[in-house]
Number of protein chains: 4
Amino acid sequence: MEIGFLGLGIMGKAMSMNLLKNGFKVTVWNRTLSKCNELLAHGASVGQTPAEVGKGYIDMSTVDPETSCKISEAIMSKGGQFLEAPVSGSKQPAETGQLVILAAGEKALYDAAVPAFDILGKKSFFLGEVGNGAKMKLVVNMIMGSMMNAFSEGLVLADRSGLNPNDLLDVLDLGAIANPMFKGKGPAMLQNNYSPAFPLKHQQKDMRLALALGDENAVPMPVAAAANEAFKKARSMRLGDLDFSAVSETLKDLKHST
Amino acid sequence: MEIGFLGLGIMGKAMSMNLLKNGFKVTVWNRTLSKCNELLAHGASVGQTPAEVGKGYIDMSTVDPETSCKISEAIMSKGGQFLEAPVSGSKQPAETGQLVILAAGEKALYDAAVPAFDILGKKSFFLGEVGNGAKMKLVVNMIMGSMMNAFSEGLVLADRSGLNPNDLLDVLDLGAIANPMFKGKGPAMLQNNYSPAFPLKHQQKDMRLALALGDENAVPMPVAAAANEAFKKARSMRLGDLDFSAVSETLKDLKHST
Amino acid sequence: MEIGFLGLGIMGKAMSMNLLKNGFKVTVWNRTLSKCNELLAHGASVGQTPAEVGKGYIDMSTVDPETSCKISEAIMSKGGQFLEAPVSGSKQPAETGQLVILAAGEKALYDAAVPAFDILGKKSFFLGEVGNGAKMKLVVNMIMGSMMNAFSEGLVLADRSGLNPNDLLDVLDLGAIANPMFKGKGPAMLQNNYSPAFPLKHQQKDMRLALALGDENAVPMPVAAAANEAFKKARSMRLGDLDFSAVSETLKDLKHST
Amino acid sequence: MEIGFLGLGIMGKAMSMNLLKNGFKVTVWNRTLSKCNELLAHGASVGQTPAEVGKGYIDMSTVDPETSCKISEAIMSKGGQFLEAPVSGSKQPAETGQLVILAAGEKALYDAAVPAFDILGKKSFFLGEVGNGAKMKLVVNMIMGSMMNAFSEGLVLADRSGLNPNDLLDVLDLGAIANPMFKGKGPAMLQNNYSPAFPLKHQQKDMRLALALGDENAVPMPVAAAANEAFKKARSMRLGDLDFSAVSETLKDLKHST
C-alpha cells in the first residue's frame with residue numbers, strides 16, 4: 001500500500017515512521033525539506049509537491065467542523081476523496097502506535113486506510129459524515145477541559161483547607177474517577193510545573209468551538225462555559241503557551257501564584 | 001482484637017461481616033435489633049446499649065467537618081479516643097473489602113485499627129487532625145460532581161450535534177480521561193436510567209459543603225459552583241432521589257426529558 | 001437637508017416620520033412598496049432602487065462588528081462614505097425621538113448627519129472607527145442580559161422563600177439599583193407574560209457575540225457566560241421567540257413553569 | 001413617643017439624630033459612652049444598660065434570617081415584642097431620612113413604630129413573619145452583587161476592545177438599565193478607586209447567604225453563583241476590605257491590576 005504523508009511535525013514524523021517500519025511505501029512532503037531526512041534514511045521517498053503525494057486525501061490534523069467541510073468540498077469538487085481523521089493522543093501514543101483515530105467522510109477511503117490506521121492507532125472509528133470527526137474531538141476535549149478545572153479546584157481547595165494535596169492524588173487514584181490525566185499531570189501541577197503537552201490556548205480554542213457547537217444546537221453547557229472563562233482568565237494572565245493544567249493558577253492568590 | 005460496631009445499614013453490615021469472617025471478635029448494636037440476626041449467625045455478639053460497645057470511637061459515616069469536630073470534643077471530654085474514618089466506595093467495595101478509608105483524629109487509635117482497616121479496605125489513609133477525613137471526602141466528591149456534569153454536557157452535546165453517544169463512550173474509554181465512573185454510568189445514562197447508587201440530593205449536599213469549605217478559605221471554584229447550580233436545578237425538577245447522574249436531565253429540552 | 005431611508009420596519013418608519021415632521025426632505029425605499037404609503041402622505045418621495053437613495057451610507061441597524069467592517073470596506077472601495085449608527089431603544093423611543101445613537105466610522109458623515117440625529121435621538125455619540133458602534137451596543141446588551149438573569153433569579157428566589165415578589169419590585173424601585181427595565185418588565189414577568197419586545201433569541205445572539213469579543217481580547221466574563229447558558233437553556237425550552245425576560249422560566253420547576 | 005436606641009455607629013447616630021430633631025424623646029446606649037455626647041447635646045438621654053432602653057425591641061441591623069428568628073424567640077419568651085427592620089441605604093440616606101425600611105415580625109410593634117419609620121426612611125414595608133426582612137435584604141443584595149459583576153465585565157470589555165469606558169457610562173445612563181449604582185460608582189471604578197462604601201467581604205457574605213436561601217428552596221441561581229465566585233476570587237486577592245466594586249479587578253490581567 002502506497003501512502004503519501006504531508007506535514008512532518010512531532011506527530012506526523014512519528015506516524016510516518018511507524019508506517020515505514022511496518023512495510024508501507026511512504027512518500028513524504030514537508031515545507032522544510034530537512035525534516036524529511038530521517039525518514040529518507042528509513043526508506044521513505046520525497047515528493048516534489050503536495051499534489052504529487054496522493055489523491056485520496058486524509059486530514060489527520062485537528063480543524064473545526066466547518067473548515068473540515070470546506071476542505072472536503074474543495075477536494076470532492078476536483079474528483080478526489082476526502083476523509084477527516086483527527087487523532088486523540090499526543091507525542092508518545094503517536095510514537096507507539098497507540099493513537100485513537102476519529103475518522104469521518106468517504107467510507108471507501110476509510111476502508112482502504114484501515115491497514116494504516118491499525119498501525120498508527122490502537123483503535124479507529126468511522127463516525128459518518130465529514131465534520132463528525134472534528135465534532136467528536138471537540139466533545140472529548142470539552143469534557144477534558146472541564147475535568148481539568150474540577151481537578152484544579154480540588155487541588156487548590158485541598159491545599160488551602162489544610163490537606164496534603166499528594167494525599168488527594170493518592171485517594172483519587174484509588175476511586176471511581178481515577179484516570180490517566182489526573183495521575184499523569186497531578187504531581188507536576190503540585191510543583192507549578194506546566195511544561196506544555198497541550199497548550200492552554202489550544203484547549204481554550206477547543207472549549208470555544210465546543211460551546212459554539214452547543215449554541216448551534218441549543219444545548220446549555222454551564223460547566224463548560226465556566227471552565228472556558230477560567231481558561232480565558234488564564235490567557236489574560238499570559239499563561240496561554242503553558243500546558244492547559246496552568247488553569248489552576250487562576251484559583252490561587254497573588255502570594256501563591258508567583 | 002475486639003471491635004464494637006454501631007449501625008448496620010448496607011455499608012455497616014457488609015463491613016462487620018468482613019471483620020467476622022477474618023477472625024475479629026465483633027459486638028454489634030443497631031437501633032432495629034432484627035438487623036443483627038445474620039451477623040449473630042456468623043458469630044457476632046449483640047450489645048445492649050451503644051455505650052457498651054466500645055470506648056475508642058471510630059466514626060466511619062460521612063459527616064461534615066464541623067459535626068465531626070463536635071463529636072470528637074464530646075468523646076474526648078469524657079476521656080475517650082476519637083477517629084473519623086469516612087470511606088470512599090459504596091456497597092460492592094464494602095462487601096469485597098475494597099473501600100478506601102480516610103481516617104483522621106487520634107493517631108494511636110488509627111494504629112490500633114489498622115488490622116481492621118486492612119480487612120475493610122484496599123487502602124487506608126491517616127490524614128491528621130479530626131475534620132481532615134471529612135474534608136478529603138468533600139474534595140473528592142466535589143471533583144466527582146463537576147466531572148459528572150462535564151460528562152453529561154458531553155453526552156447531550158454529542159447526541160444533539162448528530163454524533164452517536166455510544167461512540168463517545170468508546171472514545172472516552174480509550175483516552176486520557178478514561179475512568180470507572182464514565183464507563184460504569186455512561187450506558188445507563190444513555191437509557192435515561194438513573195437508579196440511585198448515590199442520590200443526587202446527597203451529591204448536591206456535598207457540593208454545597210465543599211463550596212462552603214472553599215468560602216472559608218477564599219478559594220474560588222467557578223466550575224464547582226456551576227455544577228452545584230445544575231444539581232439544584234435537578235432538585236427543583238424533583239430528581240433529588242435519583243442517581244446523581246440524573247443531572248444530565250437539566251440539559252435536555254422538554255421533549256427529550258420526559 | 002436631503003435624506004434617503006432604506007428599510008421601513010417598525011423602527012425605520014418611526015424614524016423617517018420624525019425626519020419628515022421636522023422639515024427634512026426624505027426619499028424612502030422599502031422592499032415591500034406598500035409600506036411607503038403612509039410616509040408618502042406625509043411628503044416623502046419614493047426611490048426606485050436602493051442605490052438612488054444616497055451615497056453617504058449610514059447603517060442604523062444592528063450588525064456585528066465584523067459585518068459592519070465588511071460593509072464599510074465595500075462602500076469605501078467605491079468611493080462612498082460609511083457610518084455605522086446602531087441605536088439603543090425600541091419602538092417607543094423611535095417614535096418620540098428619544099433614541100440613543102451609537103455612531104462610528106466616517107467623522108465627516110457623522111458631522112453632516114448630526115442635524116438628523118438630533119431629531120431621531122436624545123443623544124448621539126461618535127465612537128471612532130467602524131465597528132465601535134456595534135461593539136458598544138454588544139457591551140450594553142451583554143450587561144442588560146446578565147441583569148435580566150440576576151433580576152429573574154431574585155424574583156424566583158423571593159417567591160420560593162415566602163416573600164411577595166411585588167414587594168421586591170417596590171423595594172428595588174426605591175434603591176440604588178432601580179432602573180427602567182426592572183420597573184417596566186417586572187410586573188409582566190410576575191404574570192408569566194413574555195410578549196416579545198426584544199426576542200430572547202436575539203438577546204442570546206448578542207450575548208454570544210459579546211462573549212466572542214471578550215474571547216478575542218482575553219477578557220474573562222464568568223457572569224455573562226452563565227447568563228448566556230441560561231438563555232441557551234431557554235432556547236432549548238422553545239422560548240426563543242418570547243421576550244428575553246422569559247429566561248426566568250429556566251429557574252422554575254415543572255409545576256410552576258407550565 | 002419614647003424611643004430607646006442601642007448602637008451608635010455611623011447609621012445609628014444619623015438615625016437617632018433624625019428622631020431627636022423631629023421631636024422624639026430618645027434614650028441612647030452605646031458600648032463606648034463617648035459616642036453618645038453629640039446626641040446628648042441635642043437632647044438625648046443616656047441609658048445605663050441596654051435592658052433599660054426598651055421592651056418593644058426593633059432590630060434595624062442586618063442579620064441573617066436564622067439569627068433574626070433566634071433573637072425573636074429569645075425576646076418573645078420573656079414577654080417582649082420583636083420586629084426586625086433592616087434598612088436599605090447607607091450613610092447619606094440615613095442622615096437625610098431616605099432609608100428604605102424592611103420590617104417583619106410583630107405587626108403591633110410595626111404599627112407603633114410607623115411614626116418613627118416615617119422620619120427615618122422614605123418608605124417602610126411590613127413583610128410578614130420574622131425573617132422576611134432579612135430575606136428581602138438578601139435578595140436585593142444578591143441582585144445588586146450580580147449587577148456589579150455584569151457592570152464590571154462591561155467596563156473591562158469596553159476598555160480592552162478599544163472603546164472609551166466613559167462613553168459606556170454615558171450610554172448606559174441614557175438607557176433602559178440606567179441606575180444610581182452604575183452612575184455613582186462607575187467613574188470611581190474607572191480610576192481603580194474602591195473606597196469602601198459597602199465592603200466586598202460583606203457583599204460576598206450576603207451572596208453566600210442568598211445562595212444558601214436558594215439551596216433551601218431548590219432555586220437554581222447560576223448567575224449569582226458565578227458572581228459569588230468572582231467575589232471569592234477578589235477575597236483571595238486580598239480585596240475584601242475594599243468596596244465591592246473592586247470585584248472588577250478579578251477580570252484584569254496582572255499588568256492592569258496593579
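Residues numbered from 1 in each chain as written. Chains lettered and ligands numbered in written order. Predicted model: local features only at pLDDT ≥ 70, side-chain atom pairs only at ≥ 80, totals over all residues. Heavy atoms only, no water.

As annotated in an unreviewed UniProt entry, chain A is Glyoxylate/succinic semialdehyde reductase 2 from Hibiscus syriacus. Looking at chain A in UniProt, the text filed under Sequence similarities (unreviewed entry) is "Belongs to the HIBADH-related family. NP60 subfamily." (UniProt positions renumbered as here; feature names shortened; annotations may be inferred.)

Draft legend 1. Spatial organisation of the overall build of chain A. Each helix and strand in chain A was counted, giving 12 helices and eight strands. The principal-axis extents of the C-alpha atoms in chain A amount to approximately 60 × 45 × 35 Å. Within chain A, buried positions represent 56% of all 258 residues. Of the contacts made within chain A by residues no fewer than 6 positions apart, 60% connect residues no fewer than 24 positions apart. In the structure as shown, chain A presents an accessible area of about 10,600 Å², 52% of it carried by carbon and sulfur atoms. Chain A carries 26 positive and 26 negative side-chain charges, and their two centres are separated by 5 Å. (Helix = DSSP H or I, 4+ residues; strand = E, 2+ residues; numbered from the N terminus. Buried < 20%, exposed > 50% of the residue type's maximum accessible area, 1.4 Å probe, protein only. Contact = heavy atoms within 4.5 Å. Areas by Shrake-Rupley, 256 points an atom, 1.4 Å probe, with all protein chains shown as cover. Lys, Arg positive; Asp, Glu negative; His and termini not counted. Charge placed at Lys NZ, Arg CZ, Asp CG, Glu CD.)

Draft legend 2. Main features of the domain arrangement of chain A. All names here are of chain A. Per the domain assignment, the segments making up chain A are domain 1 (2-129) and domain 2 (134-257). When each unit is reduced to the centre of its C-alpha atoms, the spacing between domain 1 and domain 2 is 30 Å. Across the contact, nine residues belong to domain 1 and six residues belong to domain 2. Between domain 1 and domain 2 the total buried area reaches about 740 Å² when both faces are included, carbon and sulfur atoms providing 72% of it. Considering only the side of domain 1, the residues that lose the most area to domain 2 are Thr62, Pro65 and Leu102, jointly responsible for 47% of the buried surface there. The interface formed by domain 1 and domain 2 includes three residue pairs in polar contact (both at pLDDT 80 or more). Grouping the amino acids of the side of domain 1 that touches domain 2 by side-chain chemistry returns six nonpolar, one polar and two charged. (Domains from an automatic or database assignment. Buried area = accessible area lost by both parts, 1.4 Å probe. Polar contact = N/O pair within 3.5 Å; in protein donor to acceptor, adjacent residues only side chain to side chain. Nonpolar A, V, L, I, M, F, W, Y, C, P; charged D, E, K, R; others polar.)

Draft legend 3. Local environment of the packing of helix H11 (residues 222-236) of chain A against helix H11 (residues 222-236) of chain C. In the contact formed by H11(A) and H11(C), the axes pass within 9 Å of each other and the chain directions differ by 160°. What the angle tells us is that H11(A) and H11(C) run roughly antiparallel. Classified by chirality, the crossing of H11(C) by H11(A) is right-handed. Here H11(A) contributes Pro222(A), Ala225(A) and Glu229(A) to the contact with H11(C), which in turn contributes Pro222(C), Ala225(C) and Glu229(C). Looking at the contact of H11(A) with H11(C) residue by residue, the classes come out as four nonpolar, no polar and two charged. (Axes fitted to C-alpha atoms, helices over the stretch in contact; angles between N-to-C directions. Parallel < 35°, antiparallel > 145°, perpendicular 65-115°, else oblique. Left-handed = near helix turned anticlockwise from the far one by under 90°.)

Draft legend 4. How the structure looks around the nonpolar core. Counting 204 residues, the largest nonpolar core has Ile143(A), Ile143(B), Ile143(C) and Ile143(D) as the members making the most contacts within it. Ile143(A) has contacts with Ala150(B), Phe151(B), Gly154(B), Leu168(B), Leu172(B), Ile177(B) and Phe182(B), leaving out every residue within four places of it along the chain. (Core = buried A, V, L, I, M, F, W, Y, C linked by side-chain atoms within 4.5 Å.)

Draft legend 5. Highlighting the pairing of strand E5 (residues 81-84) of chain D. Residues and elements named next belong to chain D. Sheet topology note: the strand E4 (residues 56-59)/E5 ladder contains four bridges and is parallel. Its bridge partner lying in E5, Gly56 is registered against Gln81. Judged from the two bridges that link them, E5 and strand E7 (residues 99-105) form a sheet pairing that is antiparallel. From the neighbouring strand, Leu83 faces E7, where its bridge partner is Gly105. (Pairing = 2+ DSSP bridges.)

Draft legend 6. Quick peek at the relation of the copies chain A and chain B. In screw terms, the move from chain A to chain B is a rotation of 180° and a rise of 0.0 Å along the axis, fitting with an RMSD of 0.1 Å. In the structure described here, the two chain copies are related by an operation that fits a two-fold rotation axis. For chain A, the smallest separation between a C-alpha atom and the rotation axis is recorded for Asn179(A), amounting to 2.4 Å. The overlap is high: 100% of the interface residues of chain A also sit at the interface in chain B, so the same surface is used on both sides. (Least-squares fit on C-alpha atoms with pLDDT ≥ 70 in both.)

Draft legend 7. Region of interest: the sheet that holds strand E3 (residues 45-46) of chain B. Residues and elements named next belong to chain B. If you walk across this open sheet you meet the three strands as E1-E2-E3, and the pairing is parallel. Edge strands, defined here as strands with exactly one partner in the open sheet, are strand E1 (2-6) and E3. Strand direction decides the pairing type here: strand E2 (residues 25-29) and E3, joined by two bridges, are parallel. Across the sheet, the residue bridging to Thr27 is Ser45, located in E3.

Draft legend 8. The arrangement of helix H10 (residues 200-216) of chain D in detail. If you check H10(D), its first and last C-alpha atoms are 24 Å apart, about what 17 residues at 1.5 Å a residue would give, namely 24 Å. Here H10(D) has its buried residues at Leu200(D), Gln203(D), Gln204(D), Asp206(D), Met207(D), Ala210(D), Leu211(D), Leu213(D), Gly214(D) and Asp215(D). Where H10(D) is buried, its residues touch helix H10 (200-216) and helix H11 (222-236) of chain B, helix H7 (132-160) of chain C together with helix H7 (132-160) and helix H11 (222-236) of chain D. (Expected span 1.5 Å × (residues − 1).)

Draft legend 9. Local environment of the pattern of salt bridges. Per the stated rule, a full pass over the model turns up 40 salt bridges over all chains. Asp241(B) serves as the salt-bridge partner of Lys201(B), at 2.6 Å between the closest nitrogen and oxygen. Separated by 40 residues along the polypeptide, Lys201(B) in helix H10 and Asp241(B) in the loop between H11 and helix H12 (254-257) bring together distant segments of the chain. Owing to a relative accessible area of 37%, Lys201(B) belongs among the partly exposed residues under this scheme. Given a relative accessible area of 52%, Asp241(B) falls into the exposed group. With a shortest N-O distance of 2.5 Å, Asp215(D) and Arg208(B) are connected by a salt bridge. In this pair, Asp215(D) is assigned in helix H10 and Arg208(B) in helix H10, connecting two distinct chains. Looking at Asp215(D), the relative accessible area reads 6%, which means it is buried. Each of Arg208(A), Arg235(A) and Asp215(C) takes part in one network of salt bridges that share partners. (Salt bridge = Lys/Arg side-chain N within 4 Å of Asp/Glu carboxyl O.)

Draft legend 10. Spatial organisation of the UniProt feature "active site" (unreviewed entry) in chain A. Residue and element names in this part refer to chain A. Under the local residue numbering, the UniProt record ascribes the feature "active site" (unreviewed entry) to Lys137. Position of Lys137 relative to the elements: it lies in helix H7 (residues 132-160). Residues in contact with Lys137, not counting those within four places in the same chain, are Thr62, Pro86, Val87 and Leu102.

Draft legend 11. Layout of the packing of aromatic side chains. All chains considered together, the criterion is met by 20 aromatic pairs over all chains. Here Tyr110(C) and Phe126(C) contribute two aromatic rings whose centre-to-centre distance is 5.2 Å and whose plane-to-plane angle is 45°, an arrangement assigned as tilted. Of the two residues, Tyr110(C) sits in helix H6 (residues 107-120) while Phe126(C) sits in strand E8 (residues 121-126), which places them 16 residues apart along the sequence. Judged by centre distance (4.1 Å) and plane angle (5°), the rings of Phe151(C) and Phe182(C) are stacked. Of the two residues, Phe151(C) sits in helix H7 while Phe182(C) sits in helix H9 (residues 180-190), which places them 31 residues apart along the sequence. The residues Phe151(C) and Phe182(C) share a single accessibility class, namely buried. Its end group placed over the ring of Phe125(A), Lys123(A) keeps NZ or CZ at 5.2 Å from the ring centre. (Phe/Tyr/Trp six-rings, centres within 6.5 Å; stacked < 30°, edge-to-face > 60°. Lys NZ or Arg CZ within 6 Å of the ring centre and 35° of its normal.)

Draft legend 12. Region of the structure containing the packing of H7(C) against H11(D). Their axes nearest at 8 Å, the elements H7(C) and H11(D) cross at an angle of 110°. Considered as vectors, H7(C) and H11(D) are oriented roughly perpendicular to each other. Judged by residue contacts, Ser146(C), Asn149(C) and Glu153(C) of H7(C) engage Pro222(D), Val223(D) and Ala224(D) from H11(D). Of the residues in the contact of H7(C) with H11(D), the class split is three nonpolar, two polar and one charged.

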